[in-house]
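Survey of secondary and tertiary structure
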Amino acid sequence: MTDAVWTIAKRVITQIRRDHRTLAMILVVPLVVMTLIGLSFPDLKVLDYIAPALLAALAFFFGFLLTGISFLRERSQGTMERLTVSPVTRLDIVVGYLFGFFVFALIQTLIILFYTIYVFDITYRGQLWEILVFQVAVIIGAVNLGIFISSFARNEFQMVQFIPLVILPQMFMGGLLWPVEQMPDYLQWFAHILPLTYAVDGMREIMLTGKGLPDVWVDLAVLAGFAVLTSVLAALTLRKGPGG
Amino acid sequence: MTSIAVSVNHVTFGFGRREVLKDLSLDIPAGTAFGLLGPNGAGKTTLIRLLVGLLRPKSGDIHIMGQLISRKKSPFIGYMPQLQSLYGELTVLQNVDFFAHIYRLHDNAKRAQQVEKALKLVDLWGRRDDAVQNLSGGMKQRTSLACAIVHSPPLLFLDEPTVGLDPELRASFWEFFSSLTKQGTTLVISSHTMDDAAHCDRLGFIRDGKVIAEGTPDELRLATGSPRASLEDAFLYFVRRGKETPDD
């Protein structure tokens, strides 16, 4: 790991930590969302089945949103231009931001995970540490996807437009609402190129059937591959400033 | 013989079909303050973005300190973009320290020394713990300059560094730029004001993506044939005459 990666990661963390409103939103929004979900289910036992998919989907969504918008801001305020003129490499920049944003995405994930387990009091079978490790793989992919997609947006409005384009199809076709196997063949094919499909599948396997990480290695490998692919794509498409 | 810090050879660049720079050639001697002067939209910022490697020419080549410009960025370059390009939530000190780190000043004691030196030079040492977002425009501009000079680069690109500054601050910026060139630093400064032009050692008048004249302020003024001509008169003279250098 290069010194530049740590320097960038440290700066991202310090910057968000000093922005009290953003920090409060990062902490409060997952709590509000989880409370609303809890209130909308009169029988919390239903959540036992839904929770694994919901945890994967929310972690993915929050990770993507946090990173996409924050990274875009780096470009629109011109700081990215300054960074790209310096001797740091594009990969240093992407990995540095990944580590920085990862910390906050992880905090959000921990909030929704512990809220689900201890406030909703759901019944689950797998090991808590294995659930956590799997969720880490999910959010690394989501954070990298946020960095990559933000390259295609010139402002926050355009970035927000990517949410229905990138997130909603995954919610509908990633096995969150109904099993992938029940979808038409051509949609099943599409579902199998979506990272959330593997995230939902792996979480269900661990939490509902009590399987361990070695049993969900395919899901983990796909998520790890997705994280590597998106970080390379993000480095290749990294745009420097507001205009390009 | 004066060495050349920046050499631009027959560079052409455009955005889509619109050509911004047209077969532009320019040599910038080391240790001078070289002003790129021209109206808004002349291509000054595009040229600076090409010189720092943010853009790549469609044709022609650029040599920086004798080396062909490449994707691998040089730690010997300092760049102050037109936008203030600072992290608003961070303090002045944190901003400058971050760029010192990025420019490979890894030794803590040496970096702290350089950061202090840069902040004292721009007269912001007393405000080092203030968040940048709470500073005035002029102070942000000075912080931005400190970020560009913290690693003591021998070659500094400044894109409209004096825009929006009050006369007093503008004068102090030029005093500082002059002290840098005396130490051997090469400055490439874009501006559209003739006030700035008078402070430069050499000037390149740019219009419609071309260098229409190049020389010292006195050479350019005298080329008009009128000893009392201002730089503005000189600029207009060359606009009318098309590209020409006073040495011709």
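As the structure is a computational prediction, the values presented were derived from the model and not from experiment. (Residues numbered from 1 in each chain as written. Chains lettered and ligands numbered in written order. Predicted model: local features only at pLDDT ≥ 70, side-chain atom pairs only at ≥ 80, totals over all residues. Heavy atoms only, no water.)

1. Digging into the overall build of chain B
Looking only at helices and strands, chain B features eight helices and 10 strands. Relative to its length of 248 residues, chain B is compact, with a C-alpha radius of gyration of 18 Å against a globular reference of 18 Å. Projecting the C-alpha coordinates of chain B onto the three principal axes gives extents of approximately 55 × 40 × 40 Å. Evaluated residue by residue, chain B yields a buried proportion of 52% over its 248 residues. (Helix = DSSP H or I, 4+ residues; strand = E, 2+ residues; numbered from the N terminus. Rg over C-alpha atoms; globule rule 2.2 N^0.38 Å. Buried < 20%, exposed > 50% of the residue type's maximum accessible area, 1.4 Å probe, protein only.)

2. Points about the interface of chain B and chain A
Facing the 31 residues of chain B at the interface are 26 residues of chain A. Here chain B packs against chain A, burying approximately 2,500 Å² in sum over the two surfaces, 60% of which is carbon and sulfur. By the criterion of area lost to chain A, the three top residues of chain B are Y87, E89 and I102 of chain B, representing 26% of everything that side buries. Linking chain B with chain A are two salt bridges. For the salt bridge of R73 of chain A with E89 of chain B, the shortest nitrogen-to-oxygen distance reads 3.1 Å. Going through the elements one at a time, β6 (77-80), α2 (92-102) and α4 (137-149) of chain B are the ones with two or more residues in the side of chain B that touches chain A. No other element matches α2 of chain B, which puts five residues into the side of chain B that touches chain A. Its residues placed into classes, the side of chain B that touches chain A shows 18 nonpolar, eight polar and five charged. (Contact = heavy atoms within 4.5 Å. Buried area = accessible area lost by both parts, 1.4 Å probe. Salt bridge = Lys/Arg side-chain N within 4 Å of Asp/Glu carboxyl O. Nonpolar A, V, L, I, M, F, W, Y, C, P; charged D, E, K, R; others polar.)

3. Considering the packing of helix α3 (residues 47-76) of chain A against helix α9 (residues 195-209) of chain A
All names here are of chain A. With their axes 8 Å apart at the nearest point, α3 and α9 run at an angle of 140° to one another. It follows from the interaxial angle that α3 and α9 lie oblique. Taken as a pair, α3 and α9 cross one another with a handedness that is right-handed. Where α3 abuts α9, its residues D48, Y49, P52, A53, L55, A56, A57 and F60 lie against P195, L196, A199, V200, M203, R204, M207 and L208. Along the lines of polarity and charge, the residues of the contact of α3 with α9 split into 14 nonpolar, no polar and two charged. (Axes fitted to C-alpha atoms, helices over the stretch in contact; angles between N-to-C directions. Parallel < 35°, antiparallel > 145°, perpendicular 65-115°, else oblique. Left-handed = near helix turned anticlockwise from the far one by under 90°.)

4. Structural notes on the nonpolar core
Counting 152 residues, the largest nonpolar core has Y97 of chain A together with F157 and F205 of chain B as its most contacted members. Here the element with the most residues in this core is α3 of chain A; it accounts for 15 residues. With five residues, the next largest nonpolar core counts M173, V180, M183 and A191 of chain A among its residues. (Core = buried A, V, L, I, M, F, W, Y, C linked by side-chain atoms within 4.5 Å.)

5. Some remarks on helix α10 (residues 217-237) of chain A
Note: α-helices contain 3.6 residues per turn, so residues at a spacing of three or four share the same orientation. Residue and element names in this part refer to chain A. For α10, with 21 residues, the first-to-last C-alpha span of 30 Å sits near the 30 Å given by 1.5 Å per residue. Listed as buried for α10 are D219, L223, F226, A227, T230, S231, A234 and A235. Down the axis of α10, the buried side of the element spans an arc of 160°, and every buried residue falls inside it. Among the exposed residues of α10, those oriented more than 90 degrees off its buried face are W217, V228 and L236. At its buried positions, α10 is contacted by α3, α5 (90-119), α6 (128-150) and α9. (Expected span 1.5 Å × (residues − 1). Arc of directions from axis to C-beta.)

6. Re the pattern of salt bridges
Enumeration according to the criterion identifies 11 salt bridges over all chains in this entry. Note that E74 of chain A is salt-bridged to R11 of chain A, the shortest N-O span being 2.7 Å. Pair noted here: E74 of chain A is in helix α3 and R11 of chain A is in helix α1 (residues 3-18), with a separation of 63 residues, a long-range link. R11 of chain A shares its class with E74 of chain A; the two are buried. Note that R111 of chain B is salt-bridged to D97 of chain B, the shortest N-O span being 2.9 Å. With R111 of chain B in helix α3 (residues 108-121) and D97 of chain B in helix α2, this pair connects stretches of sequence that are 14 residues apart. Accessibility expressed as a relative area gives 8% for R111 of chain B, which makes it buried.

7. Some remarks on the pairing of strand β9 (residues 202-207) of chain B
All names here are of chain B. Among the six residues that make up β9, five are buried, leaving the element largely enclosed by the rest of the structure. Pairing of strand β3 (residues 33-37) with β9 involves four bridges; the strand directions are parallel. Directly across from L37, in β9, lies its bridge partner F205. The hairpin turn running from β9 into strand β10 (residues 210-215), its antiparallel successor, is two residues long, and D208 in that turn takes a positive phi close to 50°. (Pairing = 2+ DSSP bridges.)

8. A look at the sheet that holds strand β5 (residues 67-68) of chain B
Residue and element names in this part refer to chain B. Spatial strand order, β2-β1-β4-β5: four strands in an open sheet with antiparallel pairing. This sheet does not close on itself; its edge strands, each paired only once, are β2 (18-29) and β5. By the bridge criterion, eight bridges tie strand β1 (residues 4-15) to β2 in an arrangement that is antiparallel. Bridged to F15 within β2 is R18.

9. Quick word on the packing of aromatic side chains
Residue and element names in this part refer to chain B. Summed over the entire model, instances satisfying the criterion amount to 17 aromatic pairs over all chains. Between F98 and F99, the ring centres sit 5.2 Å apart and the planes meet at 75°, which makes this aromatic pair edge-to-face. Look at F173 and F177: their rings are 5.8 Å apart centre to centre, the planes differ by 75°, and that puts the pair in the edge-to-face class. Taken together, the residues span about one helical turn, with F173 and F177 both in helix α5 (residues 167-182) at a distance of four residues. Classification of F177 as buried rests on a relative accessible area of 1%. (Phe/Tyr/Trp six-rings, centres within 6.5 Å; stacked < 30°, edge-to-face > 60°.)

Honestly, that's just the spatial picture; any functional story needs more than this.
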